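A structural walkthrough
Spelled out, the chains give:
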Amino acid sequence: MSSNSPVTPSSRPRRLGLVGLIALIVIFAIVVAGVATRASDARHLRTWTDAQTVPTVAIAPPQVNDAGALELPGRLEAYSKAPIFARVSGYLKSWQVDIGAPVKAGQLLAIIETPDLDQQLVQARADLATAVANEQLSAATAKRWVALLPSGAVAKQDVDEKTGDLAAKQATTNSERANLAHMEAEKTFARIVAPFDGVVTARSTDVGALINEGGTGVELFEISDTHRLRMYVQVPQANVPSIVPGMTAKLKVPERPGQVFTARVESSAQAVASTSGTTLVQLSIDNNDGKLLPGSFASVHFDLPADAAALRVPASALVFDDKGLRVAVVGSDNKVAFKQVTIVRDYGSTIQIGSG
């Protein structure tokens, strides 16, 4: 008899039912695992989202104002500068100095040839001579008539007419004499002279050039006193109280690298320009050695007292909205708050601020 028992039809359904039950359990386990995984992922996503909704900020401590220095640009100018125009018309006869030449006050710069004025002088002298001759004749006539008056040979009316004529002739003589003096004074302006000690910084004429009288013509020369120089700078309104007359500053120019010159504050405009919010300040610089040139660019450095009330903060910490300019600060409760401030000076990446 064989040991292998044949599978009966009744055992096959039981085996199939067991396999189906196992498959159902596996499917259920997979579904449960999937749901659990999705729930876990949802919890993690919710936690991460909640964490991201809390704003984080980068904290930068404000710097105490170390801006005990203020550097401003400007241009150097001659302390005294005079454009020289002709006072008489004519033609330039000669010039004696060229650009760069040092001159003294009263030194001859050029001579103007004035043929028209020369003829007017001749006429003025002739008119004066005529007036003098007429006065002398009138004086002699009046003297004789006055002498005849006591004898009754002449009427008082005639004597008064002769003395009146003498007074008129004297007035004419004085007028002609004044006219001649005026012409002679005009003639002196044919010699162009330097008004003060300085340097010829421009010459705009040459021999034979037509010269027009007064400011209607082209300036002949320009004389500049370069022994001292001026410099004008625009000082921000916040720094105006620190810039006072008498204080000194350091001056640098590009053409003299490494050299520092001393400038002195002379005066202030005592007014703030509405367009720029700055005050014009004038400085003077001693230039006896001639190292500095008028018209050149320069930068001036002021040493200012530190202002403990002013702080420097990153530009990104400032907020400007309908409430004005404010700075974001973090309090002891780790919360961000905003305080009203004003800008004292802009350094680019950092801003110097003061209390609003």
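So, how was this worked out
Residues numbered from 1 in each chain as written. Predicted model: local features only at pLDDT ≥ 70, side-chain atom pairs only at ≥ 80, totals over all residues. Heavy atoms only, no water. Helix = DSSP H or I, 4+ residues; strand = E, 2+ residues; numbered from the N terminus. Buried < 20%, exposed > 50% of the residue type's maximum accessible area, 1.4 Å probe, protein only. Contact = heavy atoms within 4.5 Å. Areas by Shrake-Rupley, 256 points an atom, 1.4 Å probe, with all protein chains shown as cover. Phe/Tyr/Trp six-rings, centres within 6.5 Å; stacked < 30°, edge-to-face > 60°. Lys NZ or Arg CZ within 6 Å of the ring centre and 35° of its normal. 1 Å grid on protein atoms, 1.4 Å probe; cavity = no way out; pocket = protein on both sides within 12 Å on 5 of 7 lines; lining within 4 Å. Points joined across faces, edges and corners; volume = space filled by probe spheres on them. Pairing = 2+ DSSP bridges. pLDDT = per-residue confidence, 0-100. Expected span 1.5 Å × (residues − 1). Patch = residues over 30% accessible without salt bridge, like charges linked within 9 Å, V, L, I, M, F, W, Y side chains within 5 Å. Salt bridge = Lys/Arg side-chain N within 4 Å of Asp/Glu carboxyl O. Core = buried A, V, L, I, M, F, W, Y, C linked by side-chain atoms within 4.5 Å. Axes fitted to C-alpha atoms, helices over the stretch in contact; angles between N-to-C directions. Parallel < 35°, antiparallel > 145°, perpendicular 65-115°, else oblique. Left-handed = near helix turned anticlockwise from the far one by under 90°. Nonpolar A, V, L, I, M, F, W, Y, C, P; charged D, E, K, R; others polar.

1. Focus on the overall build of the chain
The number of helices and strands found in the chain is three helices and 18 strands. With 356 residues in all, the chain has 28% of them scored as buried. The long-range fraction of contacts in the chain, counting pairs at least 24 apart against all pairs at least 6 apart in sequence, stands at 70%. Accessible surface, the chain: about 22600 Å² in total, of which carbon and sulfur atoms supply 58%.

2. Some details on the packing of aromatic side chains
Here a ring pair, both rings aromatic, is described through the centre-centre distance and the interplanar angle of the planes. Enumeration according to the criterion identifies zero aromatic pairs in this entry. Taking NZ or CZ as reference, Arg-87 lies 5.7 Å from the ring centre of Phe-189, over its face. We note Arg-230 situated over the ring of Tyr-79; from NZ or CZ to the ring centre the distance is 3.8 Å.

3. Looking at the layout of surface pockets
Here the second largest pocket defines a volume of roughly 190 Å³. Residue assignment for the lining of the second largest pocket shows that the elements contributing at least two residues are β4 (102-103), β7 (198-203) and β9 (221-236).

4. What about the pairing of strand β11 (residues 261-268)?
Regular strands show a simple pattern: their side chains alternate between the two faces of the sheet. Relative to β11, strand β10 (residues 248-252) runs antiparallel, the two sharing four bridges. Opposite Lys-250, over in β11, you have Thr-262 as the bridge partner. In the sheet, β11 pairs with strand β12 (residues 278-286) via five bridges, with the strands oriented antiparallel. Counted as the bridge partner of Arg-264 is Ser-284 from β12.

5. Regarding the confidence of the model for the chain
Averaged over the chain, the pLDDT score is 83; the fraction of residues at 70 or greater is 84%. The secondary structure element of the chain with the lowest average pLDDT is strand β18 (residues 350-355), at 60, and the one with the highest is strand β5 (residues 108-113), at 95.

6. Structural notes on the environment of Val-313
With respect to the helices and strands, Val-313 occurs in strand β14 (residues 311-314). As for Val-313 and Pro-61, which are separated by 252 residues in sequence, their C-alpha atoms are 7.7 Å apart.

7. Overview of helix α2 (residues 115-148)
With 34 residues, α2 should reach 50 Å at 1.5 Å per residue; the first-to-last C-alpha distance of 50 Å fits that figure. Taken as a whole, α2 has its buried residues at Leu-117, Leu-121, Ala-124, Leu-128, Ala-131, Glu-135, Ser-138, Thr-141 and Ala-142.

8. What about helix α3 (residues 156-188)?
For α3, spanning 33 residues, the distance from its first C-alpha to its last is 48 Å, which sits close to the expected 48 Å at 1.5 Å a residue. All of the buried residues in α3 are Val-159, Leu-166, Thr-173, Glu-176, Leu-180, Met-183 and Glu-186. Residues of α3 that are buried in the fold lie against α2.

9. Describing the sheet that holds strand β3 (residues 90-95)
Strand order in the open sheet formed by four strands is β6-β5-β3-β8, and the pairing between neighbours is antiparallel. Strands with a single pairing partner mark the edges of an open sheet, and in this sheet they are β6 (191-193) and β8 (210-211). The sheet contact formed by β3 and β5 spans four bridges and is antiparallel. From the neighbouring strand, Leu-92 faces β5, where its bridge partner is Ile-112.

10. Here's the deal with unusual backbone geometry
Positive phi is not limited to glycine here, since Gln-270 has a value of about 55°. Considering the arrangement of structural elements, one finds Gln-270 in the loop between β11 and β12.

11. Here we look at a nonpolar patch on the surface
Judged by side-chain polarity, Ile-59, Val-330, Val-336 and Phe-338 come together as a nonpolar surface patch covering roughly 370 Å² of accessible area. Within the fold, Val-336 resides in strand β17 (residues 336-346). Under the relative-accessibility criterion, Val-336 is labelled partly exposed at 44%.

12. Details of the nonpolar core
Ranked by internal contacts, the top residues of the largest apolar core, which has 24 residues, are Val-103, Leu-109, Ile-112, Ile-192, Leu-220 and Phe-221. Counting only elements with at least two residues in this core, the list comes to β2 (69-84), β5, α2, α3 and β9. Core analysis: the second largest hydrophobic core is formed by 23 residues, Leu-76, Val-235, Met-247 and Val-265 among them.

13. Focus: the side chain of Thr-226
Of note, Thr-226 is situated in strand β9. When sequence neighbours within four positions are dropped, the list of residues in contact with Thr-226 reads Val-199, Asn-287 and Pro-294.

14. Comments concerning the side chain of Asn-239
Here Asn-239 lies in the loop between β9 and β10. Excluding anything up to four places from it in sequence, Asn-239 contacts Leu-70 and Leu-304.

15. Concerning the packing of α2 against α3
α3 packs onto α2 with a crossing angle of 160° between their chain directions and a minimal axis gap of 8 Å. Comparing the axis directions of α2 and α3 gives the class roughly antiparallel. Helix-helix and strand crossings are classified by hand; for α2 and α3 the assignment is left-handed. When grouped by side-chain class, the residues that make up the contact of α2 with α3 number 14 nonpolar, nine polar and 13 charged.

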